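# Tertiary structure, described
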Amino acid sequence: MCPNLKRMARVFSGIQPSGELHLGNLLGALVNWVDHQKSHDAVYCIVDLHALTLPKNPEELRKNSLELAQLLIAVGINPEESILFMQSHVPEHSQLAWLMECTVSFGELNRMTAFKDKSGRNEFISGGLFTYPALQAADILLYDTDLVPVGDDQRQHIEITRDIAERFNSRFGDTFVVPKHVIPPAGARIMDLQHPERKMSKSELSPAGTINVLETPESITKKIKRAVTDSDGDVRFDVEEKPGVSNLLSILAAATSSTPEKVASSYSRYGDLKSDTADAVIALLRPIQEKFRELESDPAETSRLLTLGSSKAREISSATLGRAMQNIGLLET
Ligand code: TYM
């Protein structure tokens, strides 16, 4: 691109098709993805290659990938305006990932908390799980990304991406834009409703602690009513002392575009806080669920939109990959 030509700031983010979409994904990341579409050039990727870092059933992976694309559209991603695509449909991701693996050190990868956490919980630890951040850096850097909207758990992955980009640029000349993360003021860390000291994640680990985006209103109400709180009865935002109550305040704040402190000042009883939180979550999810049901009936249309997305993605990513290959010293074909 001509260096004098000003372009719109670009956002890029990714999500794994591994299991159902939950409230943490929605409030920590996707709400921000939708917002950024209005004022940015937006590129969003379903990172199916990252999903392979832990063992997956092939049929389930295929089903989850298509369903996730439909859910993202239902949440408000517009695939005609923004770019929405599957990572495996754009081979530049795997190609740049190798250059990233050769730019990052073993020591840096070894310090990643996500690797320590996942390798501790799984029997089979793949090489891909260890080099995961190199592929994530490739995802981001391929699109000259300025901003990466993510939840708090991705902070370290964005930091290492910045380090890789800076190292590559200083060794081989200006090649990559160095990106910044965008973490929302409320909702960046939605915690498990039963174990509020750990983040909300895949439902099979803690079904009672996780709210899925496709969950029924009855089940949402039941889970929020049963959410773990504490015995002092004081509604206040204090993550250390009151993790359960603070989590409910974060959910209600993120679902109503407020802040947990402001929300806390309107409540004196846990019961009222729980029923309003349940109502707000149900109201937030209802239109998403309705739109998803419509899209679900037309998988061919979703595939068409994904093909459109990958062809737009390749236009950008092939230019960046070419620049990186040239600068690192690979012979042109
Ligand atoms: P993934 O698929 O685990 O999660 C997708 C997004 O949801 C956010 N998130 C949460 N936010 C708040 N509270 C929670 N409990 C919660 N759980 C998940 C995540 O922070 C994330 O923003 N490594 C990434 C995928 C990825 C990526 C990328 C992201 C691959 N390449 C490039 C950004 C840019 C991941 O596993 O996200």
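Everything numeric in this text was worked out from a predicted model, so none of it was measured.

One can read the domain layout of the protein as domain 1 (10-187 + 299-328) and domain 2 (207-293). For domain 1 and domain 2, the distance between their C-alpha centres works out to 29 Å. Taken together, the contact pairs 13 residues of domain 1 with 18 residues of domain 2. Taken together, the two surfaces of domain 1 and domain 2 that pack against each other cover about 1300 Å², and 81% of this comes from carbon and sulfur. The largest share of the area that domain 1 buries against domain 2 comes from Leu23, Leu27 and Ala74, three residues that together contribute 36% of it. The tally of links from domain 1 across to domain 2 stands at three residue pairs in polar contact (both at pLDDT 80 or more). At the level of elements, helix H1 (23-39) and helix H3 (58-75) are the ones that each hand at least two residues to the side of domain 1 that touches domain 2. In the side of domain 1 that touches domain 2, the residues fall into eight nonpolar, three polar and two charged.

Close to the ligand lie 27 residues; Tyr132, Gln136, Asp139, Asp153 and Ile190 are nearest. Taking Gln136, its side chain carries an N or O atom lying 2.8 Å from a nitrogen atom of the ligand. Met200 places a polar main-chain atom, nitrogen or oxygen, 3.0 Å from a nitrogen atom of the ligand. When isolated, the ligand has an accessible area of 710 Å², and the protein chains bury 96% of it. Secondary structure elements with two or more residues in the shell around the ligand: strand S1 (10-15), H1 and helix H7 (127-141). Partitioned by chemical class, the residues of the shell around the ligand number eleven nonpolar, twelve polar and four charged.

Tallied over the full model, the rule gives 22 salt bridges. Where Asp35 meets Lys38, a salt bridge forms, and the shortest distance between an N and an O atom there is 3.2 Å. Of this pair, Asp35 and Lys38 both sit in helix H1, three residues apart, which is roughly one turn of that helix. On the accessibility criterion, Asp35 (39% relative accessible area) is partly exposed.

This part takes up the side chain of Glu215. Checked against the element boundaries, Glu215 lands in the loop between strand S5 (180-182) and helix H9 (217-225). For Glu215, a relative accessible area of 9% translates into the label buried. Side chain to side chain, Glu215 and Ser219 meet in a polar contact 2.6 Å long. A distance of 2.6 Å separates polar atoms of two side chains, one belonging to Glu215 and the other to Lys223. Glu215 has contacts with Thr210, Ile220, Lys223 and Gln289, leaving out every residue within four places of it along the chain.

All right, on to the environment of Pro184 then. On the secondary structure map, Pro184 appears in the loop between S5 and H9. Distance from Pro184 to Glu81, taken between C-alpha atoms, is 23 Å for residues 103 residues apart in sequence. Among all residues touching Pro184, those that are not within four sequence positions of it are Leu27, Gly28, Asn32 and Val150.

We now examine the side chain of Lys242. Positionally, Lys242 belongs in the loop between H9 and helix H10 (243-255). Taking the relative accessible area as the measure of exposure, Lys242 reaches 1% and is therefore buried. When residues no more than four places from it in sequence are discounted, the contact partners of Lys242 are Asp230, Asp232, Asp234, Arg236 and Tyr270.

A separate point is the packing of H10 against helix H12 (residues 270-296). Put simply, H10 and H12 touch, their axes get as near as 9 Å, and they point 40° apart. Comparing their axes, H12 and H10 come out oblique. Note on packing geometry: the crossing formed by H10 with H12 is left-handed. Contacts from Val245, Leu248, Leu249, Ile251, Leu252 and Ala255 of H10 reach H12 at Tyr270, Leu273, Lys274, Asp276, Thr277, Ala280, Val281 and Leu284. Per-class residue counts for the contact of H10 with H12 are eleven nonpolar, one polar and two charged.

The next subject is the packing of aromatic side chains. With the rule as written, the count across this model stands at seven aromatic pairs. Pairing Phe106 with Phe130 gives two aromatic rings, centres 5.1 Å apart and planes at 45°, and the pair type is tilted. Of the two residues, Phe106 sits in helix H5 (residues 106-110) while Phe130 sits in helix H7, which places them 24 residues apart along the sequence. What makes Phe130 buried here is its relative accessible area of 15%.

What counts and what doesn't
Residues numbered from 1 in each chain as written. Predicted model: local features only at pLDDT ≥ 70, side-chain atom pairs only at ≥ 80, totals over all residues. Heavy atoms only, no water. Domains from an automatic or database assignment. Contact = heavy atoms within 4.5 Å. Buried area = accessible area lost by both parts, 1.4 Å probe. Polar contact = N/O pair within 3.5 Å; in protein donor to acceptor, adjacent residues only side chain to side chain. Helix = DSSP H or I, 4+ residues; strand = E, 2+ residues; numbered from the N terminus. Nonpolar A, V, L, I, M, F, W, Y, C, P; charged D, E, K, R; others polar. Near = heavy atom within 4 Å. Areas by Shrake-Rupley, 256 points an atom, 1.4 Å probe, with all protein chains shown as cover. Salt bridge = Lys/Arg side-chain N within 4 Å of Asp/Glu carboxyl O. Buried < 20%, exposed > 50% of the residue type's maximum accessible area, 1.4 Å probe, protein only. Axes fitted to C-alpha atoms, helices over the stretch in contact; angles between N-to-C directions. Parallel < 35°, antiparallel > 145°, perpendicular 65-115°, else oblique. Left-handed = near helix turned anticlockwise from the far one by under 90°. Phe/Tyr/Trp six-rings, centres within 6.5 Å; stacked < 30°, edge-to-face > 60°.

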